[in-house]
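Letter by letter, the chains look like this.
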Amino acid sequence: MEETFNIQAIILNRHAFRENDSRVLAYSLEHGKMFLVARGTGSIKSKMAGHIEPFCLSDLMIVRGRRYNYIGGAKSTNCFFGLKSDLEKLEVAGRSFAILNKIIKEHEVDHALFFLINDFLETLSNINKNIDFNLFLHAFILKLVCRLGYSPELYSCVVCRKDINPNGNYFDFKKGGLVCKKCDKNKSLTICEDSIKLLRFIIKQDFKNISKLHINKKVSSETIKSIIVFYNYNFK
Ligand SMILES: [Zn+2]
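1. A closer look at the overall build of the protein
Point 1. Each helix and strand in the protein was counted, giving seven helices and eight strands.
Point 2. In terms of principal-axis extent, the alpha carbons of the protein reach across some 65 × 35 × 25 Å.
Point 3. Within the protein, the proportion of its 236 residues that are buried is 48%.
Point 4. Nonlocal contacts in the protein, meaning residues at least 24 apart in sequence, comprise 59% of its contacts between residues at least 6 apart.
Point 5. Between the averaged position of the 36 positive side-chain charges in the protein and that of its 24 negative side-chain charges there is a distance of 4 Å.

Here's what the structure looks like:
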């Protein structure tokens, strides 16, 4: 007897598989990241194909198989059309998915992460063109690494534990956060007060509020740089 179950999933990726099928990578609310097989999607008659496109949120009916879990039925509930009509947004979403594919393990359930990804796509899909897309992508990366348990310490010095004063601080990615002027011995990245505030804001706020920010180039690049070194140190 076949066993079936239903999931709500964000389609991260889809590739041709065997002669007429596809292999789908999805992030589901119920089971985390999953590899699934969809039969017959290579055929032009496939009704399912449009519901399992990358960047879609879909309700899927899964049939448990001996080797694979198969998609028995699919209905998309949000296709984030604002993303698909904009190459710049699509690139941001694509880069965020590449990171998810790389660092998220299969079958680790995390409801908050599911809603984080969904909120990111929803906001990206709806915002106007006038935002710093690179900063927005790195805001996602920072929120993702925090969700996975790697929150940088941004309020007290990671060496002497004293409160961080506004000026003269460093970001020591190896020690996991800010270091005050007195304690910096690793020649860490310098970080200005506005970048510290921005990092804190990104961690606390939702994507909608983050998308409303207008940040000058210097602060934006310094913030992005700290997120990149922190991410690379913990995940590369
Ligand atoms: Zn210190």
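2. Structural notes on the nonpolar core
Across soluble globular proteins, nonpolar side chains show a tendency to be buried alongside one another.
Point 1. Membership of the largest hydrophobic core comes to 59 residues, with the highest contact counts inside it found for Ile 117, Leu 121 and Leu 124.
Point 2. Per element, the largest residue contribution to this core is 11 residues, and it comes from helix H4 (residues 133-147).
Point 3. Counting contributing residues per domain, this core is built from domain 1 (1-126) and domain 2 (133-236), each supplying no fewer than three.
Point 4. Residue contacts for Leu 124: discarding those within four places in its chain leaves Leu 83, Lys 89, Val 92, Ala 93, Phe 133 and Phe 136.
Point 5. Counting residues in each nonpolar core, the second largest holds 16 residues, with Ala 9, Ala 26, Leu 36 and Cys 56 among its members.

3. Section: the confidence of the model for the protein
Point 1. Within the protein, residue pLDDT values average 94, and 99% of them lie at 70 or more.
Point 2. Confidence, expressed as mean pLDDT per element, reaches its minimum in the protein at helix H1 (residues 81-84) with 91 and its maximum at helix H5 (residues 193-204) with 98.

4. Observations concerning the coordination of the zinc ion
Point 1. For the zinc ion, the full set of protein donor atoms is Cys 157 (SG), Cys 160 (SG), Cys 180 (SG) and Cys 183 (SG), and the range of their distances to it is 2.3 Å.
Point 2. Within one chain, the residues serving as donors to the zinc ion are arranged as C-x2-C-x19-C-x2-C. Highlighted residues: Cys 160 in the loop between H4 and strand E6 (169-172) and Cys 180 in the loop between strand E7 (177-179) and strand E8 (189-191), separated in sequence by 20 residues.
Point 3. We classify Cys 160 as partly exposed; its relative accessible area is 31%.

5. Points about the side chain of Lys 89
Point 1. Along the chain, Lys 89 turns up in helix H2 (residues 87-103).
Point 2. We note that Lys 89 is buried and unpaired, the nearest opposite charge coming from Asp 86 at a distance of 4.6 Å.
Point 3. Beyond its immediate chain neighbours, meaning those up to four positions away, Lys 89 contacts Gly 82, Leu 83, Leu 124, Ser 125, Asn 126, Ile 127 and Phe 133.

6. Quick notes on the packing of aromatic side chains
Point 1. One pass over the full model with this rule turns up 13 aromatic pairs.
Point 2. Geometrically, the ring pair formed by Phe 136 and Phe 207 is edge-to-face, given 5.6 Å between the ring centres and 65° between the ring planes. A residue pair is termed long-range when its members are at least 10 positions apart, and Phe 136 in helix H4 and Phe 207 in helix H6 (residues 207-211) qualify at 71 residues.
Point 3. Here the aromatic cluster, defined as three or more aromatic residues joined through ring pairs, consists of Phe 120, Phe 136, Phe 140 and Phe 207.
Point 4. Sitting over the face of the ring of Phe 35, Arg 23 holds its NZ or CZ atom 4.6 Å from the ring centroid.
Point 5. The ring of Tyr 70 carries the charged tip of Arg 39 above its face, separated from the ring centre by 3.8 Å.

7. Points about the domain arrangement of the protein
Point 1. Partitioning the protein into structural domains gives domain 1 (1-126) and domain 2 (133-236).
Point 2. The C-alpha-based centres of domain 1 and domain 2 are spaced at 31 Å.
Point 3. If you look at the interface, domain 1 gives 19 residues, while domain 2 gives 18 residues.
Point 4. In total, domain 1 and domain 2 occlude about 1,700 Å² of area from one another, counting both sides; carbon and sulfur atoms represent 80% of this.
Point 5. It is Ile 103, Leu 116 and Phe 120 in domain 1 that bury the most area against domain 2; as a group they hold 30% of the surface buried on that side.
Point 6. On inspection of domain 1 and its partner domain 2, the count reaches one salt bridge.
Point 7. Between Asp 110 and Arg 147 there is a salt bridge, with the nearest N and O atoms lying 3.0 Å from each other.

What counts as what
Residues numbered from 1 in each chain as written. Predicted model: local features only at pLDDT ≥ 70, side-chain atom pairs only at ≥ 80, totals over all residues. Heavy atoms only, no water. Helix = DSSP H or I, 4+ residues; strand = E, 2+ residues; numbered from the N terminus. Buried < 20%, exposed > 50% of the residue type's maximum accessible area, 1.4 Å probe, protein only. Contact = heavy atoms within 4.5 Å. Lys, Arg positive; Asp, Glu negative; His and termini not counted. Charge placed at Lys NZ, Arg CZ, Asp CG, Glu CD. Core = buried A, V, L, I, M, F, W, Y, C linked by side-chain atoms within 4.5 Å. Domains from an automatic or database assignment. pLDDT = per-residue confidence, 0-100. Donors = N, O, S within 2.8 Å, 3.2 Å for Na, K, Ca; no water. Salt bridge = Lys/Arg side-chain N within 4 Å of Asp/Glu carboxyl O. Phe/Tyr/Trp six-rings, centres within 6.5 Å; stacked < 30°, edge-to-face > 60°. Lys NZ or Arg CZ within 6 Å of the ring centre and 35° of its normal. Buried area = accessible area lost by both parts, 1.4 Å probe.

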